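# Remarks on the overall topology
Each chain is listed here by its residues.
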Number of protein chains: 4
Amino acid sequence: MVDLCVVPMGVGVSVSKYVAACEKVLSDAGLKTHLHAYGTNIEGEWDAVFAAIKKCHETVHEMGAPRITTTIKVGTRTDRVQTMEDKIKSVEEKLR
Amino acid sequence: MVDLCVVPMGVGVSVSKYVAACEKVLSDAGLKTHLHAYGTNIEGEWDAVFAAIKKCHETVHEMGAPRITTTIKVGTRTDRVQTMEDKIKSVEEKLR
Amino acid sequence: MVDLCVVPMGVGVSVSKYVAACEKVLSDAGLKTHLHAYGTNIEGEWDAVFAAIKKCHETVHEMGAPRITTTIKVGTRTDRVQTMEDKIKSVEEKLR
Amino acid sequence: MVDLCVVPMGVGVSVSKYVAACEKVLSDAGLKTHLHAYGTNIEGEWDAVFAAIKKCHETVHEMGAPRITTTIKVGTRTDRVQTMEDKIKSVEEKLR
């Protein structure tokens, strides 16, 4: 379970086309994603996810961004399998 | 525009009840939120949002967590108003 | 205990003058800080720290940055007092 | 340039021995690191750094932590080479 937020620098304030390019890289890699207002949740195996994140950086540089600063949150657990939906459902049940 | 991820420590691996308590604090504060698999998007004025985040820490400590580590992403812009939906729509349009 | 990383957008790739301005805001606020290669550690009371972070955003906008994205990590604990030096020393002792 | 903050969950509030184990993994991998109060700065090539971070997760799980949540900040730039010292020096010069 990963949360990714890619911030291109040196290309002005409007960065949605770079974020869209990253979304395409992630979906082309066959990863399950959910776009939210401050990043993208990604579900997948470690190596596949990080290979795709590297490709995001390469793609955004190729699109003309000279500098990128990215924040990644990674959650791993060995006690049980948990999907993105499980996590959200678990909180929502407690809210009821 | 804020993204909040509160991680209670010293209370075991299951933390959804603490996350649910934070959701309640945020909605009681009248803030617009969207829960995702690795945090919560929040829309609101700076002081209201950070007062609510402080209350989240107080609440989670009161519930018994001796230690908390939280990640907050904050975006501000002076050039134009942009909602959570605007940000997501702007990326989705480029994906089409 | 806070870690702060302010990223001005729409002002080119060179952002050290904005980071320097934030350092000044934090030290003018009487906070204890330690600058590292990817942010600044800050030690202080919640309200003082977050008031200073708000002032950092205001200052960076006034300097001409139309958009800012900031990452903040906040750690609080009720079990004991721990300084920045304590945290580092505790890890270094285990490394010996 | 990477900033890494590994948070083991389900092992109590004292996590310095896990952080120390990660420091060892990183230095065994030949990476240049700087430990600060809220994480570790790492300098190195993309693949080497992310292989080491994966090994940190494996090591911390083997030490008994059933769940880990990690924050990674990654900076890449194509315009010029910049070390950890360069970044800090650049800010400090502006502060003078």
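The structure under discussion appears in the preceding block.
Everything in this summary refers to the structure shown in the same document.

Conventions used here
Residue indices begin from 1 for each chain and proceed along its sequence in written order. Starting at A for chains and at 1 for ligands, labels are handed out in the order in which the entities are written. Per-residue local features of the predicted model are confined to residues with pLDDT of at least 70, and side-chain atom pairs are confined, for both listing and counting, to 80 or more; whole-chain, interface and lining totals are unaffected and use all residues. Water and hydrogen atoms were dropped before computing side-chain values, which therefore reflect all heavy atoms in the structure. Least squares is the method used to superpose the copies, on C-alpha atoms of residues holding a pLDDT of at least 70 in both. Should any heavy atoms of two residues lie within 4.5 Å, those residues are counted as being in contact. Each axis is a line fitted through C-alpha atoms, taken for helices only over the stretch in contact, and angles between the N-to-C directions span 0 to 180 degrees. Strands are runs of DSSP state E lasting at least 2 residues, helices are runs of H or I lasting at least 4, and numbering of each runs from the N terminus. Each crossing is labelled by how the near helix is turned from the far one, with a counterclockwise turn of less than a right angle marking it left-handed and a clockwise turn marking it right-handed. Residues are sorted three ways: Asp, Glu, Lys and Arg are charged, Ala, Val, Leu, Ile, Met, Phe, Trp, Tyr, Cys and Pro are nonpolar, and all the rest, Gly among them, are polar. For this document, the term salt bridge refers to a Lys or Arg side-chain nitrogen within 4 Å of an Asp or Glu carboxyl oxygen. Note on exposure labels: buried denotes an accessible area under 20% of the residue type's maximum, exposed denotes more than 50%, and partly exposed covers the range between, all computed with a 1.4 Å probe on protein chains only. Defined here as a combined quantity, buried area equals the accessible surface (1.4 Å probe) lost by two parts on assembly, summed across both. Side-chain atoms alone can form a polar contact between residues adjacent in sequence; in general such a contact is a pair of N or O atoms within 3.5 Å, and within protein one must be able to donate a hydrogen while the other accepts it. When DSSP finds at least two bridges between two strands, those strands are taken to pair. Under the convention used throughout, the expected extent of a helix is 1.5 Å for every residue step, that is, one less than its residue count. Two cysteine sulfurs form what is called a disulfide whenever their separation falls within 2.5 Å.

## Side note on the relation of the copies chain B and chain C
Overlay of chain B on chain C (RMSD 0.0 Å): rotation 180 degrees, translation along the axis 0.0 Å. Classification of the inter-copy transformation places it as that of a two-fold axis. Rotation axis and chain B: the residue whose C-alpha lies nearest the axis is B:Ile72, separated from it by 2.5 Å. By residue overlap, the copies meet face to face through one surface: 100% of the interface positions of chain B are interface positions in chain C.

## Points about the packing of helix 1 (residues 16-28) of chain C against helix 2 (residues 46-62) of chain C
Residue and element names in this part refer to chain C. At a closest axis distance of 9 Å, the pairing of helix 1 and helix 2 adopts a crossing angle of 145 degrees. The hand of the helix 1/helix 2 crossing is right-handed. Where helix 1 approaches helix 2, its residues Tyr18, Ala21, Cys22, Val25 and Leu26 are matched on the opposing element by Ala52, Lys55, Cys56, Thr59 and Val60. Of the residues assigned to the contact of helix 1 with helix 2, the class counts are eight nonpolar, one polar and one charged.

## Side note on the relation of the copies chain A and chain B
Applying a rotation about an axis and a shift along it to one chain copy brings it onto the other copy. By a simple turn and slide, chain A fits onto chain B: the slide is 0.0 Å along the axis, the RMSD is 0.0 Å, and the turn is 180 degrees. Taken as a fraction of all interface residues of chain A, those also at the interface in chain B reach 100%, which identifies the copy contact as same-surface.

## Topic: the pattern of salt bridges
Throughout the structure, instances matching the rule amount to 24 salt bridges over all chains. Linking A:Lys54 and D:Asp47 is a salt bridge whose minimum nitrogen-to-oxygen distance equals 3.0 Å. With A:Lys54 in helix 2 (residues 46-62) and D:Asp47 in helix 2 (residues 46-62), this pair bridges two chains. The salt bridge partner of C:Glu43 is C:Lys32, with a shortest N-O separation of 3.9 Å. With C:Glu43 in strand 3 (residues 39-43) and C:Lys32 in strand 2 (residues 32-36), this pair connects stretches of sequence that are eleven residues apart. Since its relative accessible area comes to 21%, C:Glu43 is described here as partly exposed. Look at the salt bridges and you will find they share partners, linking A:Lys32, A:Glu43 and A:Glu85 into a network.

## What about the interface of chain A and chain B?
Contacts between the two partners involve 30 residues from chain A, matched on the other side by 30 residues from chain B. Of the roughly 2,500 Å² buried at the junction of chain A and chain B (both faces included), carbon and sulfur atoms supply 68%. Broken down residue by residue, the surface that chain A buries against chain B is led by A:Ala37, A:Tyr38 and A:Lys73, which jointly contribute 28%. Taking the shortest distance from any N to any O, the salt bridge between A:Asp3 and B:Lys73 comes out at 3.6 Å. For the pair chain A and chain B, the number of links is 17 residue pairs in polar contact (both at pLDDT 80 or more). Top element by residues in the side of chain A that touches chain B is helix 3 (residues 84-95) of chain A. It accounts for eight residues. The residue inventory of the side of chain A that touches chain B, partitioned by class, reads 14 nonpolar, six polar and ten charged.

## Describing the sheet that holds strand 1 (residues 2-9) of chain D
Spatial ordering of the open sheet is given by 2(A)-3(A)-1(A)-4(A)-4(D)-1(D)-3(D)-2(D), a layout of eight strands whose pairing is antiparallel. Whereas interior strands pair on both sides, the edge strands pair on one side only; in this sheet they are strand 2 (32-36) of chain A together with strand 2 (32-36) of chain D. In this sheet, neighbouring strand axes are inclined to one another by 20 degrees on average, regardless of whether the strands run parallel or antiparallel. Summarising the sheet, strand 1 (residues 2-9) of chain A and strand 4 (residues 67-77) of chain A pair through eight bridges and their orientation is antiparallel.

## Points about helix 1 (residues 16-28) of chain D
End to end, helix 1 of chain D covers 18 Å across 13 residues, agreeing with the expected 18 Å (1.5 Å per residue, within 8%). Buried within helix 1 of chain D are the following residues: D:Ser16, D:Tyr18, D:Ala20, D:Ala21, D:Cys22, D:Glu23, D:Val25 and D:Leu26. Buried residues in helix 1 of chain D make contact with helix 3 (84-95) of chain C together with strand 1, strand 2, strand 3 (39-43) and helix 2 of chain D. Positioned one or two residues after helix 1 of chain D, D:Gly30 has a phi angle of 80 degrees, which is positive.

## Some words on the environment of B:Val7
Positionally, B:Val7 belongs in strand 1 (residues 2-9). Classification of B:Val7 as buried rests on a relative accessible area of 9%. Sequence spacing of B:Val7 and B:Pro66 is 59 residues, and the spatial spacing of their C-alpha atoms is 11 Å. In this structure B:Val7 touches B:Arg67, B:Ile68, B:Thr69, B:Thr70, D:Met9 and D:Thr69, once residues within four positions along its chain are discounted.

## What to know about the pairing of strand 2 of chain D
Residues and elements named next belong to chain D. As defined by bridge partners, strand 2 adjoins strand 3 across five bridges and the pair is classed as antiparallel. Bridge assignment links Leu35 to a residue of strand 3, and that residue is Thr40. Counted along the chain from strand 2 to the antiparallel partner strand 3, the turn is two residues long.

## With respect to the state of the cysteines
All names here are of chain C. For the structure shown, the criterion picks out zero disulfides over all chains. Among the cysteines around Cys56, which has no disulfide bond, Cys22 carries the closest sulfur, lying 3.8 Å off. Cys56 gets classed as buried once you look at its relative accessible area, which sits at 0%.

## Comments concerning the interface of chain B and chain C
With 24 residues of chain B in contact, the opposing surface of chain C contributes 24 residues. Across the interface of chain B and chain C, roughly 2,000 Å² is buried in total on both sides, 51% from carbon and sulfur atoms. Together, B:Trp46, B:Arg67 and B:Thr76 form the three largest contributors to the area buried by chain B at its contact with chain C, with a combined 26%. Where chain B meets chain C, there are two salt bridges.

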